[in-house]
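Examination of the molecular architecture
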Amino acid sequence: MYGKKHLTPWLYLLPALVFYTVFLAYPVFGSMGMSLQKWNGLGPMTFVGLANFRRLFFQTPFDQRFYNALRNNVEFFFLTMLLQNGAALFLAVLLSQKIRFSGVFRTVFFAPFIISVLMVGYIWRLILNPVWGVLNRFLGIIHLSFMARPWLGDPAWALPVIAFVNAWQFIGMPIIMFLAGIEAIPEELYEAARIDGCNEWSMFQRVTLPLLVPVIGVVSILTLAGNFTSFSIIYAMEGTQAGPYYSTDVLGTLFYRTAFSSLSGAPPEMGLGAAIATVMFVIIALSTLGWFWVDMRRRSA
Amino acid sequence: MKAKKQPMLLAAVVLVLTLSVILAGCGTQAATGKTVVLRFTTWRPTDAAAFAKLNAAFEKTHPNIQIKYQPVQPTEYDSQLSTALDTNTAADLMYVRPFDRGYILYQSGHLLQLTDKNVPNLKNIPASQMQVYQSPHGKIYALPYIYISYGFFYNQSIFAKYSLTPPQTWHEFFHVMDVLKKNGVTPLALGTKAGWVIDEIVSGPNYVNFLGGEKWRLAMLQGKKKFTGAGFTHYLQEIDRFRNYMPQGYQGIGYTAAQKLFLAGKAAILPGGSWEIKSLEAQNPNLKLGLFTSPVVKTGGKRWLPFNGGAGVGINTKSAHIKQDLVYVNWLASHQAQVMTGNYMPGLFPSASINPDQLTNPLVKQFITAAGPKGENFAISWPLQYISRKEPSANTLDTDNVSRMLNGQISPGKAAANIQNGLATWYAPFKK
């Protein structure tokens, strides 16, 4: 009886564990193993030790592409933190006030989330097109045509523009998370603050913000994991070549070109691609662990 | 009572089913006799209808061989084929990619070597086309089945309006574009946003008549001609002039946007690939589509036609029906099958030299005529063979540097030097 009682939870966990092992853990470790091999996808596989990582970190042109993609990923992350999460926090605070139609606005902000990324990329490519795009035409109408750019073809603007489109699509999620966080803050705290003579800004600064730190942390980690595995939005807007001249190349697109389908004519390099994937995994794993560590210390303090 | 009987019933059903399956198996084998079914895998689901017609024609004259066309999505093709080959479940016949991506199949021992003896109709294929599926030691490992070519599509109505004729020389080409520009028409439907377009459609093919086609290319591959030489640098300077004729904001215009500009009549000339013929005609049937191939520097000389391999047909070394495979491949190389291919897949051209008069689409006819009666005008785009085997590959270097040149970021001389130096990091003949 005693043994059976302890076995039951494990029995319930078993199916999930099996699926997790077979479809997630095994492929992840298999891909790490692949990063030690040289394989063009067809011929024999050769064990090459850490040679793929050496090429990725130190050998031109692979290192140039790698550090460039890494830099772009970091830039993409900070742009998303600002354009998506910063804006989401602002909108969540507004929506938490008792304003009219706040339910409608919640739906509106969430709506792009359910559109396919390829559709979003297509629509925005039309908007940003330098010849018939709405954006440059609008700038012309309001006499700002000197600001018109070939947005997605301008090395300085392409990545920020894509980060904006990405934020536009996914802003609904952080808004909802921030809103839930704000609504969980007890009303008494605000009342007490009001009695102490706080204005709206200092209430936000001294009550809302500190109590939202855990939510902000989770949103940041999710954003980081999302950004460092991003591929589809870049693919939808710039193709796998991530132009102009790799200015929108991230680890995901670099991985795709290396491991599967380069347009370069060279046979694919599965091992080198797996090395890139391993680096992506390590970055996300370390950042997540780092956040948990910080969060744990904060809680125990 | 009932509950007890059920297992017996189940057993009986299973027995009957098993027997019937076994007997049915015997039956089909006995009924079809010697008919052999060959599986043929390709990355062209869109050509299924064309192959249905082709294979019906084949089966009419070869009643004992049946072809089963098994296309796979192009993006999945390589990985699916590799798994199938590893597990010995691959098709008897397969599409083989041009140049190095196909060569690795042969290197891994998956492709049967083809010769004049086992495929007599190889004699119909020009030597320039053979190179696409040839090992460095001269072994042919796939039938050069279809190829693609490059040229300039133009809007006949716009040309007529300004009484322009399709240019023969580069000088005339630039003159035509000057006239268009003066009249407020964007001459070129071209942008640099999709880097591959600049490599594959612009810079890769158009060297042919500046530098002397195959002769220059083969000398370059041996390290006897350099990209930094006067010839290639001058070629890039001429290509660099294109940016005066491209639409405003061309840095933000990609492949489909350029097509749309042309189809909407907003730009007069579309540098394009032959595979676009079908879709251009379908998207705007009212547009009067004209074509001129890569112009020459001076009239009177040879006019090379740039091309790239499309697909080869290879035979799986592990196929159980090699004899029949060879019969089919030989038939695909016959005049009859090649003419049918030219008519059923407009834009994907048959590799054998055929009589252009047998082709129905006028643009297809124009391309095939430009190749010359024996295919003597064919010249492979310069980045494709040998020098795109590794990174930085010629295609990558061409994409990166010529795009930046057209965006005004580097000079033609710098672009040429970057290509030369990039290849010299690994391509042996350039290291000297």
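Residues numbered from 1 in each chain as written. Chains lettered and ligands numbered in written order. Predicted model: local features only at pLDDT ≥ 70, side-chain atom pairs only at ≥ 80, totals over all residues. Heavy atoms only, no water.

Topic: the overall build of chain B
Helix and strand counts for chain B stand at 19 helices and ten strands. Projected onto the principal axes, the alpha-carbon positions of chain B cover approximately 95 × 55 × 50 Å. Within chain B, buried positions represent 57% of all 432 residues. A separation of at least 24 residues holds for 75% of the contacts in chain B among residues at least 6 apart in sequence. (Helix = DSSP H or I, 4+ residues; strand = E, 2+ residues; numbered from the N terminus. Buried < 20%, exposed > 50% of the residue type's maximum accessible area, 1.4 Å probe, protein only. Contact = heavy atoms within 4.5 Å.)

Looking at the overall build of chain A
Looking only at helices and strands, chain A features 13 helices and two strands. Overall, chain A is about 80 × 75 × 30 Å in size when its C-alpha atoms are taken along their principal axes. Relative to its full complement of 301 residues, chain A shows a buried share of 42%. By sequence separation, contacts in chain A at least 24 residues apart represent 66% of the contacts at least 6 residues apart. When the accessible surface of chain A is split by element, carbon and sulfur atoms take 73% of a total near 16,900 Å². Charge-centre separation for chain A: the mean point of 19 positive side chains lies 8 Å from the mean point of 13 negative side chains. (Areas by Shrake-Rupley, 256 points an atom, 1.4 Å probe, with all protein chains shown as cover. Lys, Arg positive; Asp, Glu negative; His and termini not counted. Charge placed at Lys NZ, Arg CZ, Asp CG, Glu CD.)

Digging into the environment of P412(B)
Residues and elements named next belong to chain B. Checked against the element boundaries, P412 lands in helix 18 (residues 412-424). Overall, P412 belongs to the buried group, its relative accessible area being 12%. Sequence separation between P412 and D240 is 172 residues, and the spatial gap between their C-alpha atoms is 7.1 Å. When near neighbours in sequence (up to four residues on either side) are disregarded, P412 contacts T233, L236, Q237, D240 and M405.

Description of the nonpolar core
One broad rule of soluble globular proteins: the nonpolar side chains tend to lie buried together. In this structure, F242(B), I269(B) and W382(B) are the most contacted members of the largest nonpolar core, which totals 146 residues. In terms of residues, this core owes the most to one element, strand 4 (residues 143-155) of chain B, which gives nine residues. (Core = buried A, V, L, I, M, F, W, Y, C linked by side-chain atoms within 4.5 Å.)

Quick word on the domain arrangement of chain B
Residue and element names in this part refer to chain B. Taken domain by domain, chain B holds domain 1 (36-148 + 307-379) and domain 2 (151-305 + 381-431). The centre of domain 1, based on its C-alpha atoms, is set 28 Å off from the matching centre of domain 2. Contacts between the two partners involve 23 residues from domain 1 and, on the opposite side, 29 residues from domain 2. Taken together, both faces of the contact between domain 1 and domain 2 bury some 2,300 Å²; the carbon and sulfur share is 57%. Considering only the side of domain 1, the residues that lose the most area to domain 2 are L363, F367 and A379, jointly responsible for 27% of the buried surface there. Our enumeration of links across domain 1 and domain 2 arrives at one salt bridge. With its nearest N and O atoms 2.9 Å apart, the salt bridge here joins D100 to R389. Elements with a contribution of two residues or more to the side of domain 1 that touches domain 2: strand 8 (305-315), helix 16 (362-370) and strand 10 (378-380). (Domains from an automatic or database assignment. Buried area = accessible area lost by both parts, 1.4 Å probe. Salt bridge = Lys/Arg side-chain N within 4 Å of Asp/Glu carboxyl O.)

A closer look at the pairing of strand 6 (residues 267-273) of chain B
All names here are of chain B. Burial runs high along strand 6: seven of the seven residues are buried. Here strand 4 pairs with strand 6 via five bridges, running antiparallel. Paired with Y154 across the two strands is I269, which belongs to strand 6. Direction of pairing for strand 5 (residues 186-188) relative to strand 6: parallel, over a ladder of two bridges. Following the sheet pairing, L188 is matched in strand 6 by I269. (Pairing = 2+ DSSP bridges.)

Brief notes about the interface of chain A and chain B
Contacts between chain A and chain B engage 30 residues on the former and 35 residues on the latter. Buried area between chain A and chain B, both sides added, is near 2,500 Å², and the carbon and sulfur share of it is 59%. Applying the counting rule to chain A against chain B returns zero salt bridges. Put simply, the parts of the chain that give the side of chain A that touches chain B at least two residues each are helix 3 (62-96) and helix 11 (232-238) of chain A. Along the lines of polarity and charge, the residues of the side of chain A that touches chain B split into 18 nonpolar, nine polar and three charged. (Nonpolar A, V, L, I, M, F, W, Y, C, P; charged D, E, K, R; others polar.)

A closer look at helix 17 (residues 394-406) of chain B
Residue and element names in this part refer to chain B. Here helix 17 contains 13 residues, and its C-alpha end-to-end distance of 17 Å stays within 8% of the 18 Å for a straight helix at 1.5 Å per residue. Most of helix 17 is tucked away, with 13 of its 13 residues classed as buried. A positive backbone phi angle near 80 degrees is found at G408, which sits one or two residues after helix 17. (Expected span 1.5 Å × (residues − 1).)

Brief notes about the pattern of salt bridges
One pass over the structure, following the stated rule, counts 13 salt bridges over all chains. One salt bridge connects K365(B) with D357(B), and the closest N-O pair in it is separated by 3.9 Å. For K365(B), a relative accessible area of 30% corresponds to the partly exposed category. A cluster of three or more residues bridged by salt bridges with shared partners is formed by D295(A), R298(A) and R299(A).

Looking at a nonpolar patch on the surface
All names here are of chain A. Taken together, I114, I115, M119, Y122, I123, L126, F164 and W168 make up a surface patch of nonpolar side chains, about 750 Å² in accessible area. When contributions to the nonpolar patch are tallied by element, the ones reaching two or more residues are helix 5 (117-128) and helix 7 (158-170). If one sorts the elements of the nonpolar patch by residue count, helix 5 sits on top with four residues. Along the polypeptide, I115 turns up in the loop between helix 4 (102-110) and helix 5. (Patch = residues over 30% accessible without salt bridge, like charges linked within 9 Å, V, L, I, M, F, W, Y side chains within 5 Å.)

Some points on the packing of aromatic side chains
All names here are of chain B. Summed over the entire model, instances satisfying the criterion amount to 66 aromatic pairs over all chains. Each ring, one from Y103 and one from Y141, has its centre 5.9 Å from the other, and the planes form 40 degrees; the classification is tilted. Here the residue Y103 occupies a position in helix 4 (residues 100-107), and Y141 occupies one in the loop between helix 5 (127-130) and strand 4, the gap between them amounting to 38 residues. Like Y141, Y103 is buried. We note R241 situated over the ring of F174; from NZ or CZ to the ring centre the distance is 3.8 Å. (Phe/Tyr/Trp six-rings, centres within 6.5 Å; stacked < 30°, edge-to-face > 60°. Lys NZ or Arg CZ within 6 Å of the ring centre and 35° of its normal.)

Digging into the confidence of the model for chain B
Residue and element names in this part refer to chain B. Residue-level pLDDT values for chain B average 92, and 92% of them are 70 or greater. Per-residue pLDDT stays below 50 along residues 1-5; that stretch engages in zero contacts with residues further than four places along the chain or on separate chains. Contacts for the low-pLDDT stretch residues 21-32, under 50 throughout, to residues beyond four places or in other chains number zero contacts. (pLDDT = per-residue confidence, 0-100.)

Observations concerning the pairing of strand 1 (residues 36-42) of chain B
Residues and elements named next belong to chain B. Most of strand 1 is tucked away, with five of its seven residues classed as buried. As paired strands, strand 1 and strand 2 (residues 65-71) are joined by seven bridges and run parallel to one another. Within strand 2, the position partnered with F40 by the bridge is Y69. In this view, the connection linking strand 1 to its parallel neighbour strand 2 by way of helix 2 (residues 48-61) has right-handed handedness. In this structure, strand 1 lies alongside strand 3 (residues 93-96), joined through two bridges in parallel fashion. (Right-handed = clockwise from strand over helix to strand, strands pointing away.)

Side note on the side chain of D92(B)
Residue and element names in this part refer to chain B. Here D92 is to be found in the loop between helix 3 (74-86) and strand 3. Nearest to the buried, unbridged D92 among oppositely charged side chains is R39, at 4.6 Å. Within polar-contact distance, the side chain of D92 engages the backbone nitrogen of R39 at 2.9 Å. Aside from chain neighbours lying at most four places away, what touches D92 is V37, L38, R39, G314, I315, N316, S319, A320, H321 and D325. (Polar contact = N/O pair within 3.5 Å; in protein donor to acceptor, adjacent residues only side chain to side chain.)

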